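Descriptive analysis of the structure
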Amino acid sequence: METKTTVKSASVVKPLERAESHEDNAWHQAMLQLDRAALKMKLEPFVLERLRHCKRILTVSVPVKMDDGQVKVFEGYRIQHNMDRGPAKGGIRYHPLVCLDEVKALSFWMTMKCAVVNLPYGGAKGGIICDPKKMSKGEIERMTRRYTAEISLIIGPEKDIPAPDVNTNEQIMAWMMDTYSMTVGYSCPGVVTGKPIEVGGSLGRREATGRGVFYVTRELAAREGFDLRKAPVVIQGFGNVGSNAAKIFSDHGCKVIGISDVGGGLYDPKGLDISDIFHYREKNETIAGYAKAEHVDVDAFLELPCDILIPAAMENQLTKANAPKIKAKYVIEGANGPTSGEADRIFNERGIIVVPDILANAGGVTVSYFEWVQDMQSYFWSEKEINARLQEIIIGAFTEVFDLAKKEKVDMRLAAFMVGIRRLGKAASIRGMYP
Ligand code: NAD
């Protein structure tokens, strides 16, 4: 680590002192990844200690008048992990299993991701413990607006810019933008990204994460010397990331043989008709019941025979329990944190290459950055221009990480952490310590 600082950490840093357990605790897993990189890089304690702590954690109560007239209070969070390289950036998740440690981990991964692709942002994340599948549109809108008002203390286009994540979408971003604009007294599109085009959203944002996943996979195929169109693909999750990835892979002539959502999976070794499944889901709001493919259990799904496996749903899907049974040669992490530390180790032993989340799914935050730049300038770019710039950034980051992994003889996750931490360490060191 070449950064120099005169600041010494007060505490003694002992990397990797945690046992490789707690697979289901995302923060614990994230800290294991950090410690592993710190050990390899002989990272200065000053930098490591900073990265081990979130800069700001806000917990809010969100009272909502439900449709039956009762008031229900939801718990929400907004966490800013690090802002050394610019305003904080990261999505908002609505899910019954949201918890503080999960949001902390997701905010940490956003810091690392923005540093790996070299965007001028730090990392943040937010979430509300709720089950939006059991709420009406009106209840979700009222919850979103009150949550936005509660976190408006710390968000803003120059401070912290939320975006969609699991179970949040363009409409929810529009409500957040409107609520924030009402509190400041003028229209402020740059406060969130992933908005509808009509209120300052960017062309290409909806597909951006899936497109980034495709770009890194295509680049990996070129470097590893295999024909992507002959490599069967299985994708877990059919939301924003998974469904757009499936469409883009299929549009490029690749064979997507498996897709799934929370209810189960569809499998056809000859290749699924992705546009037909999109039409089916439009009518039925789910892929369950689609008749032209074999149905597969959620648990068995990840073990389907394939070359490329793209987890694009939730954390901790690839664990010590199923890692030995995974048939894929390449795992491309569309989701954040889908692979536990133990699964990572097993994949390394088995020669399975993992393209880590902080690189593989960085297409989303990259086009969110473009959206924010366009909003701040009130000048909008063509989709062609956006996709070309996205490709340049993602391939540039992939090349840097892949080459470092080869040079240092480490896996791609460790290489990506090394690239990100170097940038973060330099920023922390140059800025110095206040006061
Ligand atoms: P989403 O809400 O649009 O979709 C989530 C999908 O996962 C749904 O199809 C859901 O049914 C499915 N799912 C949930 N639990 C599952 C399970 N146990 N098994 C199988 N499928 C399951 O969310 P999204 O925005 O697509 O996000 C998916 C992942 O990608 C998350 O980890 C998120 O943090 C990450 N991510 C999202 C973006 C983005 O731009 N939206 C960017 C980077 C990373």
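Source: prediction; values computed, not measured. (Residues numbered from 1 in each chain as written. Predicted model: local features only at pLDDT ≥ 70, side-chain atom pairs only at ≥ 80, totals over all residues. Heavy atoms only, no water.)

Some remarks on the site of the ligand
Going by this rule: By convention in these notes, a residue is near a molecule or strand provided one of its non-hydrogen atoms lies within 4 Å of it. Residues adjacent in sequence count toward polar contacts only when both atoms are side-chain atoms; beyond that, a polar contact is any pair of N or O atoms within 3.5 Å, and within protein one must be able to donate a hydrogen and the other to accept it. Starting at the N terminus, helices and strands are each numbered in turn, a helix being any DSSP run of H or I of at least four residues and a strand any DSSP run of E of at least two. Amino acids outside the nonpolar list (Ala, Val, Leu, Ile, Met, Phe, Trp, Tyr, Cys, Pro) and the charged list (Asp, Glu, Lys, Arg) are all regarded as polar, and Gly is one of them. Domain ranges listed in this record stem from an automatic or a database domain assignment.
Contacts to the ligand come from 23 residues, most closely from Asp165, Asn167, Thr209, Asn240 and Asn336. A distance of 2.9 Å separates an oxygen atom of the ligand from a polar atom in the backbone of valine 241. Secondary structure elements with two or more residues in the shell around the ligand: α6 (205-224), α7 (240-251) and β7 (256-261). For the shell around the ligand, the class distribution of residues is nine nonpolar, 10 polar and four charged. Structurally, the shell around the ligand is a two-domain feature, drawing no fewer than three residues from each of domain 1 (54-186) and domain 2 (208-360).

Points about the nonpolar core
Defined as follows: The criterion is simple. A nonpolar core is a set of buried Ala, Val, Leu, Ile, Met, Phe, Trp, Tyr and Cys residues joined through side-chain atoms within 4.5 Å. Partly exposed describes any residue whose relative accessible area lies between the buried limit of under 20% and the exposed limit of over 50%, with all areas from a 1.4 Å probe on protein chains only and scaled to the type maximum. Between two residues, a contact is recorded if the distance between any of their heavy atoms is within 4.5 Å.
Core analysis: the largest hydrophobic core is formed by 96 residues, its most contacted members being Phe249, Ile259 and Ile332. Shared between two domains, this core holds at least three residues of each, these being domain 1 (54-186) and domain 2 (208-360). Residue contacts for isoleucine 332: discarding those within four places in its chain leaves Val213, Val216, Thr217, Leu220, Ile308, Leu309, Ile310, Pro311, Val355 and Ala360. Cys130, Met176, Cys188 and Val191 belong to the second-largest nonpolar core, a separate cluster that totals 26 residues.

Some remarks on the packing of aromatic side chains
For the record, the criterion: A pair of Phe, Tyr and Trp rings is counted when the ring centres sit within 6.5 Å of each other, with Trp represented by its six-membered ring. The angle between the planes then sorts it: under 30 degrees is stacked, over 60 is edge-to-face, the rest tilted. Our definition puts a charge over a ring when NZ of Lys or CZ of Arg is within 6 Å of the ring centre and also within 35 degrees of the ring normal.
Inspection of the entire model under this criterion finds 13 aromatic pairs. Sitting over the face of the ring of tryptophan 381, arginine 389 holds its NZ or CZ atom 4.2 Å from the ring centroid.

Remarks on unusual backbone geometry
Here the amide bond leading from tyrosine 434 into proline 435 is cis, since omega sits at 0 degrees, within 30 degrees of zero. Along the polypeptide, proline 435 turns up in the segment after α14 (412-431). Even without being glycine, lysine 42 reaches a positive phi, approximately 50 degrees. Locating lysine 42 in the fold gives a position in the loop between α1 (26-41) and α2 (45-51). By relative accessible area, lysine 42 is classed as exposed at 70%. The phi torsion at lysine 409 lies on the positive side, around 55 degrees, for a residue other than glycine. Following the sequence through the fold, lysine 409 ends up in the loop between α13 (383-408) and α14.

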